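Summary of structural features
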Amino acid sequence: MLVIVRQIRAARSLVGWEQNDLAIRSGVAVSTIRRIEGLQEAPISAHFETIEKIRRAFERAGIEFLGYPCPGVRLRLAEDQNNTPAS
C-alpha cells in the first residue's frame, strides 16, 4: 500500500507519538522522519524499506492505513487488534 506524508503525520497524532518515538519504534533515523514529514504533497522520496518500517511500526501500534479513493488512517479498536470478536 502506498503511504503518503499526510498519513504518517495523522498516524503519529493518533497514537500520540513525537517524531523521536516513531524513529525508535520503526528503527528509522529521526532525521529521516523529519525529512519525510517536511515534504508537502510531493511523493515520498525514501527507500521502500524505510516506508515499510514506518508502516509496520504504526500497524503494531494499532493504526490501519486506508487507501484509494480516500487515503487516510484510523485506529483499530482493541478487539480488532487482538483478533477477537466483539461480545
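Source: prediction; values computed, not measured. (Residues numbered from 1 in each chain as written. Predicted model: local features only at pLDDT ≥ 70, side-chain atom pairs only at ≥ 80, totals over all residues. Heavy atoms only, no water.)

To continue, consider the packing of aromatic side chains. Any pair of aromatic rings gets described here by the distance separating the centres and the angle formed by the planes. Evaluation of the coordinates by the stated rule reveals two aromatic pairs. With centroids separated by 5.3 Å and ring planes inclined at 15°, the aromatic side chains of W17 and F58 adopt a geometry described as stacked. A residue pair is termed long-range when its members are at least 10 positions apart, and W17 in the loop between α1 (5–15) and α2 (19–26) and F58 in helix α4 (residues 48–60) qualify at 41 residues. Like F58, W17 is buried. Ring pairs connect the aromatic residues W17, F58 and F65, which therefore count as one cluster. (Phe/Tyr/Trp six-rings, centres within 6.5 Å; stacked < 30°, edge-to-face > 60°. Helix = DSSP H or I, 4+ residues; strand = E, 2+ residues; numbered from the N terminus. Buried < 20%, exposed > 50% of the residue type's maximum accessible area, 1.4 Å probe, protein only.)

I8, L22, I54 and F58 are the most contacted members of the largest nonpolar core, which has 19 residues in total. Where this core is concerned, the elements lending two or more residues are α1, α2, α3 (30–38), α4 and β1 (63–66). The greatest single-element share of this core, amounting to four residues, is contributed by α4. Sequence-distant contacts of L22, that is, excluding residues within four places in its chain, are made with I8, R12, W17, G27, I33, E37, I54, A57 and F58. (Core = buried A, V, L, I, M, F, W, Y, C linked by side-chain atoms within 4.5 Å. Contact = heavy atoms within 4.5 Å.)

What follows deals with the pairing of β1. The two faces of β1 differ: I63 and F65 on one face are buried, but E64 and L66 on the other face are not. Relative to strand β2 (residues 72–75), β1 is paired through four bridges, and the arrangement is antiparallel. Looking at β2, one finds that F65 is bridged to V73. Once β1 ends, the chain turns through five residues before running back antiparallel as β2. (Pairing = 2+ DSSP bridges.)

Moving on to the pattern of salt bridges. All told, the structure shown has seven salt bridges when counted by the stated rule. E52 is the partner of R56 in a salt bridge, and the nearest nitrogen-oxygen pair spans 3.8 Å. You can see R56 and its partner E52 sitting in helix α4, four residues apart, about one turn around the helix. A residue is classified by how much of its surface remains accessible, and R56, at 32% relative accessible area, is partly exposed. (Salt bridge = Lys/Arg side-chain N within 4 Å of Asp/Glu carboxyl O.)

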